[in-house]
Amino acid sequence: MKNKQTEKVISEEQQKIQELQLLLAASLEREKRALADYQNLQRRSQEERRVLIRMANKDLCQALLQPLEHLSLAAKNIQDRGLDMVIEQFWKELANFSLQEIPVLGQKFDLQTMEVVDKKDKGEKVIEVVRKGYQLHDEVIQHAQVILD
Amino acid sequence: MSKIIGIDLGTTNSAVAVMQGGSPVIIPTSEGRNTFPSIVGFKGSDVIVGDPAKRQMVLNAKKTVNSVKRFMGRKLNDSSVKQAIKHVSYEVTEGKDGMAVVSIDGKKYTPQEISAKILAKAKADAESFLGEKVDRAVITVPAYFNDAQRQATKQAGEIAGLKVERIVNEPTAAALAYGLDKKGSQTIAVYDLGGGTFDISILEIGDGVFEVKSTNGDTFLGGDDFDSAIIEWIVSEFKKEQGKDLTKDPQAMQRIKDSAEKAKIELSASASTEINQPFITQGDDGQALHLTLTLTRAKLEELVDDLIKKSIEPVKKALKDAKLEAKDINEVVLVGGMTRMPKVQKMVEEFFGKEPHKGVNPDEVVAIGAAVQAGVISGDVNDVVLLDVTPLTLGIETLGGIRTPLIDRNTTIPTSKSQVFSTAADNQTQVEINVLQGEREMAIDNKSLGRFILDGIPAAMRGVPQIEVTFDIDSNGILHVTAKDKTSGKEQKITIANSTNLSEEEVEKMKAEAEKFAEADKAKKELIESKNKANSVAFEMEKQLKEYGEHLEAADREKIEENLKQLKELAAKEDVAKEDLEKAIESTMTSAQKIGEVMQKAQAAKASSASDQAKSEGETTSDKSDKKEAEEGEVVKE
């Protein structure tokens with residue numbers, strides 16, 4: 001009789017232990033997950049910060065691209081040495097911030113830097129640039145729109 | 001167990017999201033964007049997906065697949081397939097069992113194989129974002145997708161190496177993103193105007209289960225049509241003004257296309273926008289022609305009026321099919337980039353008679369909802385430990401009765417924070433720590449949770465002892481405050497239960513009071529800070545006077561003493577104006593410059609006698625005068 005009772009108590013306790021073990025395992029798993037999430041977040045925010053600092057001027061540069069492009073169009077039409085000088089100055093300054101035009105004319109089509117808007121024949125080389133492409137540091141911030149042969 | 005990602009596999013664009021730390025986040029693509037075009041390009045043995053595929057579309061039209069979702073799980077002779085074929089430039093032929101398949105270079109690809117390429121990109125982007133392997137996903141499909149189409153989507157996931165844990169309806173995902181499943185039984189309308197398709201779905205939710213009551217839509221209505229309407233207008237206006245047809249000039253058309261899209265986006269935020277494209281073409285006389293137009297929001301609304309109205313019919317039909325009226329709808333959710341347009345929002349609001357949900361980015365809302373569903377499956381959502389936050393700021397009282405915050409309100413707990421304080425008077429051997437809770441600037445206006453005294457601080461000049469005060473709130477909201485004298489190592493602590501479980505009313509009341517008195521409190525605090533500064537300046541000056549006073553001219557000394565006296569009197573006055581006090585500090589500091597001068601002279605004399613001595617001993621001494629002692633980082637408080 002007593003033995004049976006003891007057994008019952010033991011089995012109840014064992015069940016409790018099992019439940020607690022499961023609970024503990026779940027908690028540990030959750031803790032690890034939270035820590036991992038946190039570490040990943042930290043890693044990512046560090047990386048984002050690095051990129052942010054490097055690319056802080058990206059929006060400004062992107063906003064300047066169209067007016068500058070139009071300025072080039074004006075220079076081409078007006079043909080004035082003074083205006084050319086101003087544009088040169090602009091680009092020299094922007095180059096100091098690592099903004100650079102991507103040379104594409106006459107080049108073979110490159111998916112990483114160009115977007116095709118039209119092709120005349122085989123579509124291998126760039127014969128016309130509709131919109132120039134630019135990169136800031138090594139990131140393309142505007143793909144060149146090109147017409148291929 | 002790996003994370004489950006949520007994928008919005010769209011007709012035009014796709015997006016991926018995942019649960020992190022209990023909330024959904026969008027996974028950026030390898031190109032750094034939040035969504036990517038659902039386009040797949042084949043180039044030799046290479047497969048290009050997303051933005052790069054879009055960039056080479058013109059070059060490689062026959063081998064670039066877009067809108068493949070329109071063919072998912074459909075037969076070639078299906079009327080919708082026949083219509084969709086007219087809009088694509090690649091070949092669509094008959095595959096097994098009469099199903100529509102894509103033919104590239106004579107090789108047949110099922111739509112699920114093409115979709116798998118898109119999903120594989122989603123998987124790869126997610127893996128690089130999460131830094132771990134991803135092999136499970138929740139994918140969304142339109143509510144009208146039949147079983148074959150759902151199966152095809154599931155297969156696409158499996159081909160991409162993803163175990164599809166669940167296929168979720170896009171409108172359901174959108175509702176989930178807004179947490180509408182937690183609001184009890186209701187009827188929801190989801191208005192989804194995307195890049196190329198329009199869908200309206202009526203859902204009913206009860207006990208967390210969504211039921212699609214009806215769906216309708218227009219498979220060829222979307223943002224692209226809005227762009228076309230603007231382009232047409234620009235071209236016709238230019239023709240009217242300059243007599244030139246720009247449609248024959250691909251270069252000009254490309255520039256117009258870009259500016260039309262830009263104008264459309266700008267007009268969602270402003271009432272009018274300029275479309276300026278100088279040197280767009282040349283006149284017959286060789287003169288350069290410029291495109292300069294002003295597009296107002298009203299004009300845009302007029303241009304696209306038909307398109308917007310076109311979406312109303314399907315909405316009415318969907319309601320009719322669901323046997324409901326507009327007024328029966330409890331919640332309206334907007335999905336798709338075009339729903340950013342104020343006119344679209346207004347039209348939806350007017351039709352349903354209630355403001356639609358629009359907080360979540362409409363391009364991302366479906367992916368976000370898919371991630372929420374994925375979170376539920378993986379246990380990230382159900383089991384999420386709801387971490388509490390401190391409802392009010394916790395801090396201590398410092399010199400002059402100012403409340404100095406240590407833990408700001410809304411900080412997630414458990415958390416702990418330490419700050420080093422010092423004594424306010426010479427030879428002060430004990431400090432009282434008054435633990436405060438509230439948002440007011442002055443200690444007295446906050447609730448004091450408890451106070452204790454740390455004694456046995458070795459006698460020293462004011463500002464020298466370093467007393468580290470640590471606030472630590474455990475996950476049960478119990479606050480442990482410890483004050484420790486760093487020199488003697490002596491410490492005292494207090495434990496305060498119930499630091500977080502204030503009733504909502506109490507918290508609101510305290511916050512409201514803080515807001516009400518914010519200005520006055522700030523002024524009071526600033527005045528006390530000025531007084532503290534005045535006392536500290538006076539103390540410092542007196543010390544210097546004692547040391548160097550004898551070297552001063554009698555007149556200078558008198559002036560400084562007079563200034564000091566005034567400053568101390570002012571600082572002691574109850575109703576002194578902050579400006580007067582600042583002025584007095586300023587003039588005391590100015591007059592005390594004389595002390596600085598004599599100090600320098602005295603030091604120079606000392607240095608020269610020292611260097612003389614060194615020279616006479618034939619040794620060189622390096623100049624150490626610029627190497628200052630490390631400054632005490634902490635402001636002197638209580």
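Residues numbered from 1 in each chain as written. Chains lettered and ligands numbered in written order. Predicted model: local features only at pLDDT ≥ 70, side-chain atom pairs only at ≥ 80, totals over all residues.

Engineer: Which residues make up the overall build of chain B, and what values do they have?
Structural biologist: Scanning chain B from N- to C-terminus turns up 17 helices and 26 strands. Looking at chain B residue by residue over its 638 residues, the buried ones come to 39%. (Helix = DSSP H or I, 4+ residues; strand = E, 2+ residues; numbered from the N terminus. Buried ≥ 20, exposed ≤ 12 C-beta atoms within 10 Å, placed from the backbone.)

Engineer: Please provide a residue-by-residue account of the overall build of chain A, values included.
Structural biologist: Broken down by element type, chain A carries 3 helices and 6 strands. In chain A, the succession of α and β elements from N to C terminus is α-α-α-β-β-β-β-β-β. Taken over 149 residues, chain A has a buried fraction of 13%. Long-range pairs, those at least 24 residues apart, make up 55% of the contacts in chain A with a sequence separation of at least 6. (Contact = placed C-beta atoms within 7 Å.)

Engineer: Let's hear about the interface of chain A and chain B: which residues, and what values?
Structural biologist: The partner chain B presents 18 residues to the 22 residues of chain A that form the contact. Counting residues per element, the ones that place at least two in the side of chain A that touches chain B are α1 (2–54), α2 (58–78), β2 (114–119) and β6 (144–148) of chain A. Among the elements that make up the side of chain A that touches chain B, the one with the highest residue count is β2(A) (6 residues). Of the residues that constitute the side of chain A that touches chain B, the class distribution is 11 nonpolar, 6 polar and 5 charged. (Nonpolar A, V, L, I, M, F, W, Y, C, P; charged D, E, K, R; others polar.)

Engineer: Pulling in residues and values, what's your account of the sheet that holds strand β4 (residues 133–136) of chain A?
Structural biologist: All names here are of chain A. Within the open sheet, the 3 strands sit side by side as β1-β4-β5. Their pairing is antiparallel. This sheet does not close on itself; its edge strands, each paired only once, are β1 (99–102) and β5 (139–142). For this sheet, the mean inter-axis angle between neighbouring strands, taken without regard to orientation, is 40°. Sheet analysis places β4 next to β5, joined by 3 bridges and oriented antiparallel. Across the sheet, residue Tyr134 finds its bridge partner in β5, namely Gln142. (Pairing = 2+ DSSP bridges. Axes fitted to C-alpha atoms, helices over the stretch in contact; angles between N-to-C directions.)

Engineer: Now, about the nonpolar core: what can you tell me, with residues and values included?
Structural biologist: All names here are of chain B. Membership of the largest hydrophobic core comes to 120 residues, with the highest contact counts inside it found for Ile5, Ile7, Ala17, Ala175, Ala367, Ala370 and Ala371. No other element matches the 9 residues that helix α12 (residues 365–378) contributes to this core. Apart from the residues lying within four places of it in its own chain, the contact partners of Ala371 are Ile5, Gly6, Ala17, Val18, Met19 and Pro24. Counting 18 residues, the second largest nonpolar core, distinct from the first, contains Leu394, Ile457, Val469 and Ala483. (Core = buried A, V, L, I, M, F, W, Y, C linked by C-beta atoms within 7 Å.)

Engineer: Lay out helix α7 (residues 250–266) of chain B in plain terms, naming residues and giving numbers.
Structural biologist: All names here are of chain B. Its 17 residues place the ends of α7 24 Å apart at the C-alpha level, agreeing with the 24 Å of an ideal helix rising 1.5 Å per residue. Of the positions making up α7, those classed as buried are Ala252, Arg255, Ile256, Ser259, Ala260, Ala263 and Lys264. On an axial view of α7, the arc spanned by its buried residues comes to 165°, and they lie on one face. Tucked inside the fold, the buried residues of α7 contact α6 (223–242), β16 (272–282) and β17 (288–296). (Expected span 1.5 Å × (residues − 1). Arc of directions from axis to C-beta.)

Engineer: Give me the lowdown on the confidence of the model for chain A, citing residues and values where you can.
Structural biologist: Should the pLDDT be low somewhere, the predicted coordinates at that spot are not to be read in detail. Averaged over chain A, the pLDDT score is 89; the fraction of residues at 70 or greater is 99%. Between the elements of chain A, mean pLDDT differs from a low of 87, seen in α1(A), to a high of 94, seen in β4(A). (pLDDT = per-residue confidence, 0-100.)

Engineer: Now, about the packing of α2(A) against helix α3 (residues 81–96) of chain A: what can you tell me, with residues and values included?
Structural biologist: Residue and element names in this part refer to chain A. Contact geometry for α2 and α3: axes closest at 10 Å, N-to-C directions at 155°. Judged by the inter-axis angle, α2 sits roughly antiparallel to α3. Read as a crossing pair, α2 and α3 show a hand that is left-handed. Across from Leu68, Leu71, Ser72, Ala74, Ala75 and Ile78 in α2, the residues of α3 making contact are Leu83, Asp84, Ile87 and Phe90. Grouping the amino acids of the contact of α2 with α3 by side-chain chemistry returns 8 nonpolar, 1 polar and 1 charged. (Parallel < 35°, antiparallel > 145°, perpendicular 65-115°, else oblique. Left-handed = near helix turned anticlockwise from the far one by under 90°.)

Engineer: Outline the sheet that holds β6(A), supporting the account with residue identities and numerical values.
Structural biologist: Ordered by their spatial adjacency, 3 strands build an open sheet running β2-β6-β3 (chain A), and the pairing between neighbours is mixed. Of all the strands in the sheet, the pair left with one neighbour each is β2 and β3 (126–131) of chain A. Along the sheet, successive strands turn relative to each other by an average axial angle of 35°, direction set aside. Direction of pairing for β3(A) relative to β6(A): antiparallel, over a ladder of 4 bridges. Looking at the pairing, Arg131(A) lines up with Gln145(A) of β6(A). Across the face of the sheet, α7(B) comes into contact with β2, β3 and β6 of chain A while running at roughly 135° to β2(A).

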